[in-house]
Amino acid sequence: MSILDFSLDSLANVFSNIDTSSISTIKLTDIIDILLVAVLIYWIIVWIRETRAWFLLKGILVLGAVSLLSNVFNLYTVSWIIEKTLSVGIIAIIILFQPEFRKALENIGKGWLVSNIFSNEKDNGKLEEATVKEIVDAAVRMAGEKTGALIVVEKDVPVDLKNPGINIDAAVSSQLLTNIFVNKTPLHDGAVIIKNNRIASAACILPLTEANLNSDLGTRHRAAVGASEVSDAYVVVVSEETGKISMAHEGKLKRDLSGERLTESLLPTQKTSYRTFTTLWKGLYNNENKKNS
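The present account deals with the structure reproduced in this document. (Residues numbered from 1 in each chain as written. Predicted model: local features only at pLDDT ≥ 70, side-chain atom pairs only at ≥ 80, totals over all residues. Heavy atoms only, no water.)

1. Remarks on the overall build of the protein chain
Phase 1: Check the secondary structure of the protein chain and you find 11 helices and seven strands.
Phase 2: Per-residue burial over the protein chain gives 28% buried out of 293 residues.
Phase 3: Look at the contacts in the protein chain between residues 6 or more apart in sequence, and 60% of them connect residues 24 or more apart.
Phase 4: Of the accessible surface of the protein chain, which amounts to about 20200 Å², a share of 61% is contributed by carbon and sulfur atoms. (Helix = DSSP H or I, 4+ residues; strand = E, 2+ residues; numbered from the N terminus. Buried < 20%, exposed > 50% of the residue type's maximum accessible area, 1.4 Å probe, protein only. Contact = heavy atoms within 4.5 Å. Areas by Shrake-Rupley, 256 points an atom, 1.4 Å probe, with all protein chains shown as cover.)

Printed below as a string of C-alpha cells:
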C-alpha cells in the first residue's frame, strides 16, 4: 500500500466517523461564536506578522509538522522531546516576547471603542498648533545648522525612560529647543520630553529599538524608534551628520521630512470621533432638565 492510499483511507475513516446529526442543531450563537474566533485568529496573525513573533510562529509550525510525523511513524524519542519542549516553551515564549504582548494589549486599549468608553472630557494632552509650529521651526533651524536633536512629544502612553533627565517645565519655544541641543551644552546629549504642550524635561535617555534599521542610522534614530515602540509618542529626530529630519511613530520611521510634511505628521487630519457614553448621558440629562424647567 502506498502512502497516498494510506492517507486517503485515513481521511475516509475520519469523515465516516463524523456525527452529522448535530449539524441541524446549529444556532445563531454558534455561527457568531465561529465568526468571532475566525476574526480573533485573523488579527493574531496580522499582529504576529508585524513583530518578531512571526519567525517564532514559523518555528512552531515546523515543530508541529515534526511532531505529527513522529506520531505517524512512531518515533517515540522525538515525540517525547517535542512534548517536553512545548510544555516549557509556553512560559519561555511569554518571557521572551513580553514587549510584543504588552504592545498588543496597549493597541487593544487604544482602540476606538475602548477609548471612547473610558475617555473623559479633559483633553489637556491634545497637541496644539502653536506647539507644533515651535517644534517644526526648531527642527528646520537645527536641520539647516546640522545640529543633532531628539524631541519626544508624549500623548497618552508615557515613554519608559532609561534616565528621566533634568526637569524643566517650560513653555515650548523654538529658541529654547534650539539652545538645549547646541553642541557641548549640559543638556544637549539626550532627548527633550514635551508633555501637555510644555517642555517637561531634557537630557533624557530613551530605550533603543532591537529592530533592524538601515546602517546609516545612528543611536538617535534607534532611540526614536525604540521610544515609539513602547508608547504612542511622536519622536522627531534631526540628524547631526546629514541635517535631515525624521519622525518615529508606532515603531515606524518617516525619513527626510520637510517642515510642511513634519507639520502634517504631527497634526494629522482629525476624523469625526464618536461621542463618549459620558457625553451622551450628560447631553440627555441636560435636555431633560431644560424640558422640565
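2. Side note on helix H7 (residues 129-145)
Note that an α-helix has 3.6 residues per turn; residues three or four places apart therefore point the same way.
Phase 1: Taking 1.5 Å of rise per residue, 17 residues should cover 24 Å, and H7 covers 24 Å from first to last C-alpha, within 8% of that figure.
Phase 2: Along H7, the positions that sit buried rather than exposed are Thr131, Val132, Ile135, Val136, Ala138, Ala139, Met142 and Ala143. Take H7 and look down its axis: the buried residues cluster within an arc of 165°, on one side only. Facing away from the buried surface of H7 by more than 90 degrees, the exposed residues are Glu129, Lys133, Gly144 and Glu145.
Phase 3: Of the residues trailing H7, Lys146 is marked for its positive phi of about 55°. (Expected span 1.5 Å × (residues − 1). Arc of directions from axis to C-beta.)

3. Quick notes on the environment of Thr178
Phase 1: Relative to the helices and strands, Thr178 is located in helix H8 (residues 174-180).
Phase 2: Residue classification places Thr178 among the buried residues on the basis of a relative accessible area of 8%.
Phase 3: Sequence separation between Thr178 and Ile135 is 43 residues; the distance between their C-alpha atoms is 9.6 Å.
Phase 4: Leaving out residues up to four positions away in the same chain, Thr178 has contacts with Ala138, Arg141 and Met142.

4. Quick look at the nonpolar core
Phase 1: In this structure, Ile135, Ile151, Leu177, Val192, Val236, Leu262 and Leu266 are the most contacted members of the largest nonpolar core, which totals 27 residues.
Phase 2: When residues of this core are traced back to their parent elements, those giving at least two are H7, strand E1 (149-153), H8, strand E3 (191-195), strand E4 (198-204), strand E5 (234-238), strand E6 (245-249) and helix H10 (259-266).
Phase 3: Formed by 15 residues, the second largest nonpolar core is a distinct cluster that contains Val159, Ala233, Val237 and Ala248. (Core = buried A, V, L, I, M, F, W, Y, C linked by side-chain atoms within 4.5 Å.)

5. Let's talk about the sheet that holds strand E2 (residues 166-171)
Phase 1: The strand order across the open sheet formed by seven strands is E2-E4-E3-E1-E5-E6-E7, and the pairing between neighbours is mixed. Looking at strand neighbours, the two that pair on one side only are E2 and strand E7 (252-257), the edges of this open sheet. For this sheet, the mean inter-axis angle between neighbouring strands, taken without regard to orientation, is 20°.
Phase 2: Strand direction decides the pairing type here: E5 and E6, joined by four bridges, are antiparallel. Considered in E6, the bridge of Val237 is made with Ser246.
Phase 3: Across the sheet, H7 touches E1, E3, E5 and E6, and the angle it forms with E5 is around 25°.
Phase 4: Running over the sheet, H10 touches E5, E6 and E7 and is turned about 150° from E7. (Pairing = 2+ DSSP bridges. Axes fitted to C-alpha atoms, helices over the stretch in contact; angles between N-to-C directions.)

6. Some points on the pattern of salt bridges
Phase 1: As enumerated under the stated definition, the model contains four salt bridges in all.
Phase 2: Among the salt bridges present, the one from Asp137 reaches Lys133, with a minimum N-O distance of 3.0 Å. Taken together, the residues span about one helical turn, with Asp137 and Lys133 both in helix H7 at a distance of four residues.
Phase 3: Judged by relative accessible area, which is 30%, Asp137 ranks as partly exposed.
Phase 4: The partner of Asp169 in a salt bridge is Arg198, with the nearest N and O atoms 2.9 Å apart. Note that Asp169 is positioned in strand E2 and Arg198 in strand E4, a separation of 29 residues in sequence. (Salt bridge = Lys/Arg side-chain N within 4 Å of Asp/Glu carboxyl O.)

7. Some details on unusual backbone geometry
Phase 1: The phi angle at Asn74 is positive, at roughly 55°, despite the residue not being glycine.
Phase 2: Tracing the backbone through its elements, the reader meets Asn74 in the loop between helix H3 (53-72) and helix H4 (76-96).
Phase 3: For Asn74, a relative accessible area of 46% corresponds to the partly exposed category.
Phase 4: With a phi angle near 65°, Asn197 is a residue other than glycine that sits in the positive phi range.
Phase 5: As for its position among the elements, Asn197 is in the loop between E3 and E4.

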